[in-house]
Amino acid sequence: MENFTTNISRPKYDFIDSAIFHKLESYNPNHSQAPKIPDQDPYTLNGQKLRLNFIRSQLNLDLDFLSGEKVFTNNESLKGNIENYIGMSQIPTGIIGPLVINGSVAQGPFYVPLATTEGALLASYNRGAKACRESGPITVITLQEGVQRTPTFKFKTVIELGKFVSWVLDHTETFSILTRQSSNYAILNDIGINIEGNILILKFEFATGDASGQNMVTICSDRICQYIIENCPIKPVFWTIEGNFSGDKKISPLNTRVRGKKVTAEIVVKNEVVKSVLKTTPALLHEQWKICVSGAKKAGVVGGGMHPSNALAALFIACGQDVACTGEASVAVTRMEITENNDIYFAITMSNMIVGTVGGGTSFPTQKECLQLLDCYGAGKSGKFAEIAIALCLTGELSIFAAMSSGQFTAAHEKWGR
């Protein structure tokens, strides 16, 4: 086969390109002055028109399908997305923002569409976005990328398994070539080995471009496995394309390195903003965070975030993502400190932000319009979308900690959620 440079031997660790530092440090703070969304008349036709007109004037977008002015009729485009089609489920979609981000990819003010039937949700995220906006942009950096598939092989003995592994590791260059032959976008980045007696799990990790990549990595892994089975002198007695070791669509302690994109975000919320917008104090906010982190540990929660799945489910539905991937994507680790100026430093890290801006459900009319709202539709935009997603999660975590610390949580749901 032709010569091909592989990424398999590259070190696997969190990495920040030095070019990112200049980009982050030269961010234009004027973005923080972006106009806020009209939030009057939250339930009326007049309020809906105000917000649609705002989007048309500020972002130069016509949301014809989302507003209901046009309806979906292209049934042929459903192929590959659904079987036995009968119609479209309509989920109310709102908008929050601006969410101001200074990221390694996403920079600027973003107006974020969220589809949900949960009252109080958008109000909470909008409040969190306001608190961050009045304190400065949310800094976001993408650290790693990778999507896994874990084919599993059974042998008669561990000795046969060992010989099989030795052969596999001698052919990694071939696997990289097979990957490129199977996909225009996938790159094989890593092969992990896990042995339990006569059972072998191979963890193939790929970069998947701007697709979320589950189908892509399945096809590439199967191509590699078919080659292995045909050419390896040691044959397994059984094998399967997935041994349920990849963490696909579920919370797993194994998914603490990366699945999709690993992203981290931080903000320093000013003392006066904590009081005026979040209606609490730095001391109460920090105490609430400590209590919740401790409770999550006692309950055996993986990660310990309060409700990032709320943000991700609403964003994923609006923007045509695989909603089941909130299973792994919602794993979050948060950190909160009171600074020497009595401000709040808050950070969130999410290792499994598995999103795409091409393929899947991204091209359906309302989903496409929502991605266009974020300037995240099409090739070259998945990194931006992932950074927007984690910044959104950060605002929600801040807002819920604040509501609980000040006794507002129940009152907010009585007002907005009934």
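Note: the structure precedes this text.
Presented here is a report on the structure given in the accompanying data block. All of these numbers come straight from a predicted model, not from anything done at the bench. (Residues numbered from 1 in each chain as written. Predicted model: local features only at pLDDT ≥ 70, side-chain atom pairs only at ≥ 80, totals over all residues. Heavy atoms only, no water.)

1. Considering the packing of helix 3 (residues 121–133) against helix 12 (residues 382–406)
Definition in use: Here an axis means a line fitted to C-alpha atoms, over the contact stretch when the element is a helix, while the angle between two N-to-C directions is reported on a 0 to 180 degree scale. Helix numbering and strand numbering both begin at the N terminus, where a helix is a DSSP run of H or I of at least 4 residues and a strand a DSSP run of E of at least 2. The scheme is simple: roughly parallel for angles under 35 degrees, roughly antiparallel for over 145, roughly perpendicular for 65 to 115, oblique for anything else. In this analysis, two residues are considered to be in contact whenever any of their non-hydrogen atoms come within 4.5 Å of each other.
It is the contact of helix 3 with helix 12, at a shortest axis distance of 7 Å, that shows an interaxial angle of 100°. Taken together, helix 3 and helix 12 sit at an angle that is classed as roughly perpendicular. On the side of helix 3, the interface is formed by Ser 124, Tyr 125, Arg 127, Gly 128, Ala 129 and Cys 132, while helix 12 contributes Leu 392, Leu 394, Thr 395, Gly 396, Leu 398, Ser 399, Ile 400, Ala 402 and Ala 403.

2. Re the pattern of salt bridges
Under the convention used in this document: Put simply, a salt bridge is a Lys or Arg side-chain nitrogen that is within 4 Å of an Asp or Glu carboxyl oxygen. Buried means the residue's accessible area, taken with a 1.4 Å probe over protein chains only, is under 20% of the maximum for its type, while exposed means over 50%, and partly exposed covers the values in between.
In total, this model carries 17 salt bridges according to the counting rule given. Measuring nitrogen to oxygen at the nearest pair gives 3.6 Å for the salt bridge that ties Asp 39 to Lys 36. Here Asp 62 ties to Arg 56 by a salt bridge, and the two come within 3.3 Å at their closest N and O atoms. The exposure class assigned to Asp 62 is exposed, which follows from its relative accessible area of 51%.

3. Digging into helix 12
Rule in force here: Take the residue count of a helix, subtract one, and multiply by 1.5 Å to get its expected span.
For helix 12, with 25 residues, the first-to-last C-alpha span of 37 Å sits near the 36 Å given by 1.5 Å per residue. Within helix 12, 23 of the 25 residues are buried, which leaves the element mostly enclosed by the surrounding structure.

4. As for the packing of aromatic side chains
For clarity, the cut-off: In this scheme Phe, Tyr and Trp rings, the latter by its six-membered ring, pair at centre separations within 6.5 Å, and the angle between planes marks the pair as stacked below 30 degrees, edge-to-face above 60, and tilted otherwise.
A complete count under the given rule lists 10 aromatic pairs for this structure. When the centroid spacing of 6.4 Å and the interplanar angle of 75° are considered together, the rings of Phe 175 and Phe 204 count as edge-to-face. With Phe 175 in helix 5 (residues 172–182) and Phe 204 in strand 6 (residues 199–207), this pair connects stretches of sequence that are 29 residues apart. Residue Phe 175 shares its accessibility class with Phe 204, and that shared class is buried. Summarising the aromatic geometry, the rings of Phe 204 and Phe 206 are spaced 6.5 Å apart at their centres and angled 55° between planes, so their arrangement reads as tilted. You can call Phe 206 buried: its relative accessible area is 0%. Through a chain of ring-to-ring contacts, three or more aromatic side chains come together here, namely Phe 153, Phe 155, Phe 164 and Trp 239.

5. Let's talk about unusual backbone geometry
Backbone torsion omega between Gly 97 and Pro 98 reads 5°, so that peptide bond is classified as cis. Mapped onto the elements of the fold, Pro 98 is located in strand 1 (residues 93–103). Of note, the phi angle at Asn 244 is positive, near 65°, even though the residue is not glycine. Relative to the assigned elements, Asn 244 resides in the loop between strand 7 (238–240) and strand 8 (260–269). For Asn 244, a relative accessible area of 53% translates into the label exposed. Positive phi outside glycine occurs at Asp 375, with the angle close to 55°. Within the element layout of this structure, Asp 375 appears in the loop between helix 11 (365–373) and helix 12. Take Asp 375: its relative accessible area is 41%, and that puts it in the partly exposed class.

6. Topic: the pairing of strand 9 (residues 333–338)
Inclusion rule: A pair of strands counts as paired when DSSP detects no fewer than two bridges linking them.
Note that strand 9 and strand 10 (residues 344–353) share six bridges and pair antiparallel. Within the sheet, the bridge partner assigned to Glu 337 lies in strand 10 and is Tyr 345. Between the end of strand 9 and the start of strand 10, which pair antiparallel, lie five residues, with Asn 342 showing a positive phi angle near 65°.

7. Looking at the state of the cysteines
Quick reminder of the rule: Note that a disulfide, as used here, is simply two cysteine sulfur atoms within 2.5 Å.
Counted by the stated rule, this structure contains zero disulfides. This cysteine, Cys 220, is not joined by any disulfide, and Cys 225 carries the nearest cysteine sulfur, 11 Å off. Residue classification places Cys 220 among the buried residues on the basis of a relative accessible area of 0%.

8. Some points on the environment of Thr 139
Mapping Thr 139 onto the fold places it in strand 3 (residues 138–149). Classification of Thr 139 as partly exposed rests on a relative accessible area of 22%. With 39 residues separating them along the chain, Thr 139 and Val 100 place their C-alpha atoms 9.1 Å apart. Excluding anything up to four places from it in sequence, Thr 139 contacts Leu 24, Asn 102, Thr 264, Ala 265 and Glu 266.

9. Quick word on the environment of Gly 146
Following the sequence through the fold, Gly 146 ends up in strand 3. Separated by 17 residues in sequence, Gly 146 and Ala 129 have C-alpha atoms that sit 29 Å apart.

10. Some words on helix 3
Under the 1.5 Å per step criterion, the end-to-end length of helix 3 is 18 Å for 13 residues, consistent within 8% with the ideal 18 Å. Counted residue by residue, helix 3 has 10 buried out of 13 residues, so it is predominantly covered. Along helix 3, the positions that sit buried rather than exposed are Leu 121, Leu 122, Ser 124, Tyr 125, Arg 127, Gly 128, Ala 129, Ala 131, Cys 132 and Arg 133.

11. Things to note about the environment of Gln 144
Definition in use: Under this definition, polar contacts are N or O atom pairs within 3.5 Å; protein pairs additionally need one hydrogen-donor-capable and one acceptor-capable atom, and for neighbouring residues in sequence, both atoms have to be side-chain atoms.
Along the chain, Gln 144 turns up in strand 3. Accessibility expressed as a relative area gives 10% for Gln 144, which makes it buried. Sequence separation of Gln 144 and Cys 220 is 76 residues, and the distance between their C-alpha atoms is 20 Å. Excluding residues that lie within four positions of it along the chain, Gln 144 makes contacts with Tyr 13, Asp 14, Arg 257, Val 258, Gly 260, Lys 261 and Lys 262. Here the side chain of Gln 144 touches Arg 257 through a polar contact of 2.7 Å, side chain to side chain.

12. Quick look at a nonpolar patch on the surface
Defined as follows: Exposure above 30% relative accessible area and the lack of any salt bridge qualify a residue for a patch; like charges then connect within 9 Å, and the nonpolar side chains Val, Leu, Ile, Met, Phe, Trp and Tyr within 5 Å. Here the open area of atoms and residues is found with the Shrake-Rupley method and a 1.4 Å probe, where only the protein chains shown may cover a residue.
Nonpolar side chains collect at one region of the surface, where Val 158, Ile 159, Leu 169, Ile 193 and Ile 195 lie side by side and expose about 440 Å² of accessible area between them. Elements with a contribution of two residues or more to the nonpolar patch: helix 4 (158–169) and strand 5 (187–196). Per element, the largest residue contribution to the nonpolar patch is three residues, and it comes from helix 4. For Leu 169, the location among the structural elements is in helix 4.

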